[in-house]
Amino acid sequence: MLSLCLKSSRRWMTSGLARKAAVIGVIGCLANALSSAASAAGQQVGPDPASYHQAVGRAIEYFEQAQGDDGSYSKQNGIGVTALVATGLMRVGRTPTDPLVAKSLKFIEGQVRDDGGVYTEGSKHRIYDTCLAIQCFSAANKDGHYNDILKHAEQYVKGLQWDETEGIDESNPNYGGAGYGENNNRPDLSNTSFLIDALHAAGSDANDPALKKALVFVSRCQNLESEYNTTPLAAKVNDGGFFYTVAAGGSSPAGQSEDGGLRSYGSMTYAGLKSMIFAGVKSDDPRVKAANHWIEQNYTVTENPGMGGNGLFYYYHTFAKALDAAGVDYVADKDGAKHDWRKELAGQLAATQSKDGSWVNSAKRWLEGDPNLVTAYSLMTLSYCQPKAASGQ
């Protein structure tokens, strides 16, 4: 049944005829196939297949009308949004040759620079842009078309990582981190997590020196006193969560504790957990255990813990990607209640989707007033929430 659905979806993707009717037919077919597969395998986790595919289909319809003539989305903010959209589309089933994806890939490829970076002229967030481009090209690289671009882009972002090439050693709080890339400004956990995501997508394993260095920085952004974090900030909050950066004296948009500690918050804690997993840290490591404990104590799909509505959709994306990487189907909250996080997160997104298929954050901080960016985050989030058979945890 699933193969028939996929054949139908390919016809819809290429024909352009009776699009809305075809969307409904494909959604129904996929929903029935997934339900049958889940029933055969045992208990299903994740959202109702029909509502899930409806939300995904509406988001795709939004991107079809929002795409610029050159294949871009919100290019005034660089190539990052376009890369997120294209990656999300591929993660929910579109191919690199699909017209919607191909047009965006062509735009991104047009921003490849002589230094190996992928960014628009004058960009002030070159590592961020290039790391998102690496993830996008890696997803599209089924035939090796992007091998050379990926090789040079990887060299570019590694070259901007804070390490011995900047004349610093492991004792420096900046060590191993990545910033936005303009004038190699101070590193932060967000950009470092994008660096780790990019290296992981490009095939790096835990033995990659760049990942090992990045893990040093990530560990120092965790509120956990351990052999991996002996900075003055480590023991002040000590709740296992993560904050924005340990560099330049440290900072957290969630604020400070009375003794000057940096408060943990949701999006960075999930980014930290995901980064540790991609860098090869095992589930029994005290850093992972402490991060998971913080997540259990602060589990929610209605806000970014510690930040309220600020950065909410970035939070959703890191939340979903981290828990998918961890291979968990359920999260127990502080009261011991067990949550099917895929179902709850996808349900929250379905309930807040606009009529045109987009999402937007009323809290506009960190560019989340841009529906293209927020809908890209949402589609990426949904790609990790696909209905599936429970793993028996």
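Everything in this summary refers to the structure shown in the same document. Since the structure is predicted, the reported quantities are computational estimates derived from the model, not experimental observations.

### Points about the overall build of the protein chain
So, step 1. The helix and strand tally for the protein chain stands at 15 helices and four strands.
So, step 2. Taking all 393 residues of the protein chain together, 54% fall into the buried category.
So, step 3. Of the accessible surface of the protein chain, which amounts to about 16300 Å², a share of 50% is contributed by carbon and sulfur atoms.

### Some details on helix α3 (residues 49-66)
So, step 1. Look at α3: 26 Å from first C-alpha to last across 18 residues, which is about the 26 Å you get at 1.5 Å a residue.
So, step 2. For α3, the complete set of buried residues consists of Pro49, Tyr52, His53, Ala55, Val56, Gly57, Ala59, Ile60, Tyr62 and Phe63.

### Points about the pattern of salt bridges
So, step 1. For the coordinates displayed, the defined rule picks out 14 salt bridges.
So, step 2. Across the salt bridge formed by Asp285 and Arg287, the nearest N and O atoms sit 2.9 Å from each other.
So, step 3. Taking the relative accessible area as the measure of exposure, Asp285 reaches 12% and is therefore buried.
So, step 4. Using a relative accessible area of 6% as the deciding quantity, one classes Arg287 as buried.
So, step 5. Ionic pairing is found between Asp329 and Lys388, a salt bridge with its closest N-O pair at 3.1 Å. Taken together, the residues span a long stretch of sequence, with Asp329 in the loop between α13 (312-326) and β2 (330-332) and Lys388 in strand β4 (residues 388-389) at a distance of 59 residues.
So, step 6. Salt bridges sharing partners connect three or more residues here, namely Glu64, Arg94 and Asp98.

### Some words on α13
So, step 1. In this model, α13 (15 residues) spans 21 Å end to end at C-alpha, consistent with the 21 Å of a helix rising 1.5 Å per residue.
So, step 2. The element α13 is extensively covered by neighbouring structure, given that twelve of its 15 residues are classed as buried.
So, step 3. Phi turns positive, to about 75°, at Gly327, one or two residues after α13.

### Describing the packing of helix α5 (residues 99-109) against helix α6 (residues 126-140)
So, step 1. Axis separation between α5 and α6 bottoms out at 11 Å; the angle between their running directions is 130°. The angle between the axes of α5 and α6 places the two elements in the oblique class. The way α5 lies across α6 gives a crossing that is left-handed. Within the contact between the two elements, α5 uses Leu105, Ile108 and Glu109 and α6 uses Ala133, Cys136, Phe137 and Ala140.
So, step 2. Class assignment of the residues belonging to the contact of α5 with α6 gives a composition of six nonpolar, no polar and one charged.

### Thoughts on the packing of aromatic side chains
So, step 1. The tally for this structure, following the rule as stated, stands at 14 aromatic pairs.
So, step 2. Judged by centre distance (5.4 Å) and plane angle (80°), the rings of Phe313 and Tyr316 are edge-to-face. You can see Phe313 and its partner Tyr316 sitting in helix α13, three residues apart, about one turn around the helix. The burial state of Phe313 is the same as that of Tyr316; both residues are buried.
So, step 3. Among the aromatic residues, those joined into a ring-pair cluster are Tyr270, Tyr299, Phe313, Tyr315, Tyr316, Phe319 and Trp341.
So, step 4. A cation over a ring is seen here: Arg91 above Tyr384, with NZ or CZ 3.9 Å from the ring centre.
So, step 5. A cation sits over an aromatic face here: Arg287 above Tyr228, 3.5 Å from the ring centre.

Procedures and definitions
Residues numbered from 1 in each chain as written. Predicted model: local features only at pLDDT ≥ 70, side-chain atom pairs only at ≥ 80, totals over all residues. Heavy atoms only, no water. Helix = DSSP H or I, 4+ residues; strand = E, 2+ residues; numbered from the N terminus. Buried < 20%, exposed > 50% of the residue type's maximum accessible area, 1.4 Å probe, protein only. Areas by Shrake-Rupley, 256 points an atom, 1.4 Å probe, with all protein chains shown as cover. Expected span 1.5 Å × (residues − 1). Salt bridge = Lys/Arg side-chain N within 4 Å of Asp/Glu carboxyl O. Axes fitted to C-alpha atoms, helices over the stretch in contact; angles between N-to-C directions. Parallel < 35°, antiparallel > 145°, perpendicular 65-115°, else oblique. Left-handed = near helix turned anticlockwise from the far one by under 90°. Contact = heavy atoms within 4.5 Å. Nonpolar A, V, L, I, M, F, W, Y, C, P; charged D, E, K, R; others polar. Phe/Tyr/Trp six-rings, centres within 6.5 Å; stacked < 30°, edge-to-face > 60°. Lys NZ or Arg CZ within 6 Å of the ring centre and 35° of its normal.

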